[in-house]
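Understanding the architecture of this molecule
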Amino acid sequence: MSLVFNISFCYVILLLLSWNMVLCGEIFDFNPEERDALLLIRDSLNSSANLHGNWTGPPCLDNQSRWFGITCSNWHVVLIVLQGINLSGSLPPTFLQNITFLSQLDLRNNSLFGPLPNLTNLVFLEQVLFSFNHFSGSIPVEYVELPSLQVLELQENYLDGQIPPFDQPSLASFNVSYNHLVGPIPETSVLQRFPESSFDNNSDLCGKPLDKLCPAEPPAPSPAPIIIPPCPAVEKNKNKLQVWIIALISAAAALFLFLIIIAFLFFKRRASGKEARRNDSAGYVFRAWANKMVYYRSSEDSERLGQLEFSNKKFPVFDLDDLLRASAEVLGRGNLGITYKATLETGTVVAAKRFSYMNELSKKEFFQQMQLLGQMKHENLVEIISFYFSEEQKLIIYELISGGSLFELLHEDRGVGRKPLDWTTRLAIIKDIAKGLAFLHHSLSSHKVPHANLKSSNVLIHQDNQGYHSKLTDYGFFPLLQAKNEAEKLAIRKSPEFDKGKKLTHKADAYCFGIVMLEIITGKVPGQILGEIEETTNDLSDWVRTVVNNDWSTDILDLEILAEKEGHDAMLELTELALECTDMTPEKRPKMSVVLRRIEEIEQMKTEND
């Protein structure tokens, strides 16, 4: 009996200890207040990253995160990186205050609007990256109290008001260009060490390092002397006093009415201005740039202006002034810059890409490469019409392809009511991409990587009576971005050889093409297959390999084409070709000319079977 009791007692103790360990694990792995804060983002915003499907369960489990864009350390959320996932909406005002160990907040290249979020008490926050959004209002003065702040990027928004007096010694990178900021730049030792480009294109900013001097403040007006009139007889001036009082009351009433009208017009104009900026987000960019160029034209520095250089004579010729007067809207925001749809006063519509980088390029380097790319004429390449170079601006003017991108065609508006993208269309798009890429490899054979930025968002789609057609854009920029930190903006950064610092060749383009093929076949977004924090170099191809090794399973196929059973053989043939293109060893990948020939053979096989 005693033995049974002892065994039972030990079992209960072990059970309690195990339960206590589980509870401790829950405590260490899961901070409910951090999860609740992140769910505020998920439930308040829309995005293309399927946060509702991905952000489930604890954000930090086993000291790691399976949530897209979230990194954990010491069982706490330390990084939030949601760059370029079409986030739209207004951020909850105080959602971050419970994520106390946050060190990086990256919301770049989205469509967020409303005021900047409150960052009070985030003492570990080092990087705040809010550029290329639609934020409005003033920069919170509390940002100057972030003790660990190293990087603050607020450029390309609609912020107004004055710049707070940032003076944190840790601040190493700062940019508020392309906003609506006003007043003098604070003369703190920290802000004064940043270049002019950190403050550019804020029409009402003044002071160093800008060339625009701040106006001298007028002296305070001296108080008007108090004049005490003599005391006349009351009876004699009674009528005059009544008239004076009536006139004073009338003047005050008129002034009050005038102030009400002015205030109404001011707030109406401000509200309509914000709405216009949201609807026409590029108009300000062109106007601000135009204002700066008016200054150059009136100064001895007019050589900095440059002019449009045309490489395609079939399009109507227009000049820089025509472009600056054009109405514009944002078509897309990429790693290299923003692309606008510009409608000229003549009715001509073009696409204008303004680069955010390449500021160190010489005019000769830029001209040589643009003139070379302007000669590229192919049915599956977006044609370059003209280009522009100045010290501060680099532009490429393209023909406008109005059907959107392959990324949008594949992934947007999924669900009920969507018209499925059938297999015949997908195969035609794959063939178009291969034709354009093979042409680039033939025409730019001396380039290490002729395209270098091939991804589904850089495949533009147009539709006619014969179906969908695709054209490649953003090609040929690798020679202009030789520095590794700049080349990381290109799609070839995902190739294994780039990640390992090895020599880059045409085969890096073949790798990117293989990823695009798999994206078309599976309907999945590269970089989101495994739910990892950051895009892995080959997550989509690894996932496909794992699945198809099981007797070439059709589980990889997009649901929209799964029902087309007569096409399964062609789909799996193309999948095998895509996996060859994404081989970890560049030498084992086929040349694009071979790839195109095999795609044509698969297409012919499909036609014969039909």
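See the structure printed just above.
Keep in mind it's a predicted model, so treat the numbers as computed, not measured.

A tally of helices and strands in the protein chain yields 16 helices and 20 strands. Expressed as a percentage of its 610 residues, the buried residues of the protein chain come to 48%. In the protein chain, the proportion of contacts linking residues at least 24 apart, taken out of those at least 6 apart, comes to 55%. For the protein chain, the accessible area works out to roughly 31,500 Å², and carbon and sulfur atoms hold 56% of it.

Within helix 13 (residues 539-548), burial applies to Asp539, Leu540, Ser541, Val544, Val547 and Val548. Turning to helix 13, the residues buried within the fold contact helix 12 (507-522) and helix 15 (568-581).

This brings us to the sheet that holds strand 17 (residues 384-389). Within the open sheet, the 6 strands sit side by side as 13-17-18-16-15-14. Their pairing is antiparallel. The strands lining the two open edges of the sheet, one partner per strand, are strand 13 (309-310) and strand 14 (327-333). Pairing between strand 15 (residues 337-343) and strand 16 (residues 349-355): 7 bridges, direction antiparallel. Following the sheet pairing, Lys341 is matched in strand 16 by Ala351. Those strands touched by helix 7 (residues 363-374) are strand 13, strand 17 and strand 18 (394-399), and its axis lies near 175° from that of strand 17.

Of the two faces of strand 7 (residues 134-137), the one lined by His134 and Ser136 and the one lined by Phe135 and Gly137 are each fully buried. Inspection of the sheet shows strand 5 (residues 111-114) paired to strand 7 by 2 bridges, in the parallel sense. In the strand pairing of strand 7, Phe113 is matched with His134.

Here we take up the state of the cysteines. For the structure on display, the rule yields 2 disulfides. A sulfur-sulfur separation of 1.9 Å characterises the disulfide bridge that pairs Cys60 with Cys72. Taking the torsion about the sulfur-sulfur bond, which here is approximately -80°, the covalent link between Cys60 and Cys72 counts as left-handed. You can see Cys60 sitting in the loop between helix 3 (51-54) and strand 1 (70-73) and its partner Cys72 sitting in strand 1, a full 12 residues away along the chain. The same class applies to Cys60 as to Cys72, namely buried. Two residues share a disulfide in this structure: Cys206 and Cys214, whose sulfurs sit 2.1 Å from each other. Residues Cys206 and Cys214 share a disulfide whose torsion about the S-S bond is about 100°; that sign makes it right-handed.

Take the pattern of salt bridges next. What the rule picks out here adds up to 12 salt bridges. Taking the shortest distance from any N to any O, the salt bridge between Arg354 and Glu156 comes out at 2.4 Å. Taken together, the residues Arg354 in strand 16 and Glu156 in the loop between strand 8 (151-153) and strand 9 (158-161) connect sequence positions 198 residues apart. Of the two residues, Arg354 and Glu156, neither departs from the other in class, the shared state being buried. Notably, a salt bridge pairs Arg426 with Asp558, separated by 3.0 Å at the nearest N-O pair. Taken together, the positions of Arg426 in helix 9 (residues 423-443) and Asp558 in the loop between helix 13 and helix 14 (559-562) put the pair 132 residues apart, joining distant regions of the chain. Taken individually, Arg426 and Asp558 each receive the classification buried, so the pair is uniform in this respect.

Right, let's talk about a nonpolar patch on the surface for a bit. On the surface, Phe101, Val123 and Phe124 cluster together to form a nonpolar patch covering roughly 260 Å² of accessible area. Considering the arrangement of structural elements, one finds Val123 in the loop between strand 5 and strand 6 (127-129).

Right, let's talk about the environment of Ser197 for a bit. Position of Ser197 among the secondary structure elements: in the loop between strand 11 (180-184) and strand 12 (204-206). Of the residues examined, Ser197 reaches a relative accessible area of 42% and is grouped as partly exposed. If sequence neighbours within four positions are ignored, Ser197 has contacts with Asn175 and Ser177.

For the rest of this paragraph, the subject is the side chain of Asn133. Position of Asn133 relative to the elements: it lies in the loop between strand 6 and strand 7. Residue Asn133 is classed as buried on the basis of its relative accessible area of 0%. A distance of 3.2 Å separates the side chain of Asn133 from the backbone oxygen of Ser131, its partner in a polar contact. With near-sequence residues (within four places) excluded, Asn133 lies in contact with Leu107, Arg108, Asn109, Asn110, Ser111, Leu112, Glu156, Asn157, Tyr158 and Arg333.

Moving on to the nonpolar core. Within the largest apolar cluster, 80 residues are counted, with the highest numbers of intra-cluster contacts made by Ile433, Phe477, Phe513 and Leu574. Per-element tally for this core: the top contributor is helix 12, with 11 residues. Apart from the residues lying within four places of it in its own chain, the contact partners of Phe513 are Ile430, Ile433, Ala434, Leu437, Leu454, Cys581, Met592, Val595 and Ile599. Core analysis: the second largest hydrophobic core is formed by 53 residues, Phe68, Leu87, Leu112 and Leu154 among them.

Reading the values: rules and limits
Residues numbered from 1 in each chain as written. Predicted model: local features only at pLDDT ≥ 70, side-chain atom pairs only at ≥ 80, totals over all residues. Heavy atoms only, no water. Helix = DSSP H or I, 4+ residues; strand = E, 2+ residues; numbered from the N terminus. Buried < 20%, exposed > 50% of the residue type's maximum accessible area, 1.4 Å probe, protein only. Contact = heavy atoms within 4.5 Å. Areas by Shrake-Rupley, 256 points an atom, 1.4 Å probe, with all protein chains shown as cover. Pairing = 2+ DSSP bridges. Axes fitted to C-alpha atoms, helices over the stretch in contact; angles between N-to-C directions. Disulfide = S-S within 2.5 Å. Salt bridge = Lys/Arg side-chain N within 4 Å of Asp/Glu carboxyl O. Patch = residues over 30% accessible without salt bridge, like charges linked within 9 Å, V, L, I, M, F, W, Y side chains within 5 Å. Polar contact = N/O pair within 3.5 Å; in protein donor to acceptor, adjacent residues only side chain to side chain. Core = buried A, V, L, I, M, F, W, Y, C linked by side-chain atoms within 4.5 Å.

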